Amino acid sequence: DDDEMMALCPRCVCTLDGVHERTIRSVAWSPCGRYLASASFDATVAIYQRVDDRDDVTDGNDEVKFECVAALEGHENEVKSCAWSPSGSLLATCGRDKSVWIWESAPGNHFECVAV
């Protein structure tokens, strides 16, 4: 049936821009699916939070909305990758500077570097 086929076809539901100044190298979803981390050649990691509560987007007119809630800085140059811990309380970032930073999430969308 056509409705089932449309549900299986990937489509863009949101474009996130205006935060990074250079190319994004990596992205990672948090385990809960509400947050997206993006690692960039501009030496920052942006944390986006989904601002709507819907779990499904099946109508062709629906759009998913995110907002940037944190910008993590500290790497000397480009951040190559990022990954959430299984609990979602920690985010690891690695950069060209050959360092791995561990960030802890706190209430209010605050992130603190707890280890390098």
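Structure first, text after, so check above.
Everything numeric here is computed off the predicted structure, so don't read it as measured data.

(A) Expanded view of the sheet that holds strand 6 (residues 90-95). Strands sit in the order 5-6-7-8 across an open sheet of four strands; the sheet is antiparallel. In this open sheet, the two edge strands, each paired with only one partner strand, are strand 5 (79-84) and strand 8 (110-115). Recorded for the sheet is a direction-independent mean angle of 30° between the axes of neighbouring strands. Inspection of the sheet shows strand 7 (residues 100-106) paired to strand 8 by five bridges, in the antiparallel sense. Looking at strand 8, one finds that Ala106 is bridged to His110.

(B) The arrangement of the packing of aromatic side chains in detail. Tallied over the full model, the rule gives four aromatic pairs. On the basis of an interplanar angle of 45° and a centroid distance of 6.4 Å, the ring pair of Tyr35 and Trp84 is categorised as tilted. In this pair, Tyr35 is assigned in strand 2 (residues 35-40) and Trp84 in strand 5, connecting sequence segments 49 residues apart. Aromatic rings pair up to connect Tyr35, Trp84 and Phe111 into one cluster.

Cut-offs applied
- Residues numbered from 1 in each chain as written.
- Predicted model: local features only at pLDDT ≥ 70, side-chain atom pairs only at ≥ 80, totals over all residues.
- Heavy atoms only, no water.
- Pairing = 2+ DSSP bridges.
- Helix = DSSP H or I, 4+ residues; strand = E, 2+ residues; numbered from the N terminus.
- Axes fitted to C-alpha atoms, helices over the stretch in contact; angles between N-to-C directions.
- Phe/Tyr/Trp six-rings, centres within 6.5 Å; stacked < 30°, edge-to-face > 60°.

Keep in mind that these numbers describe shape and distance, not what the molecule does.
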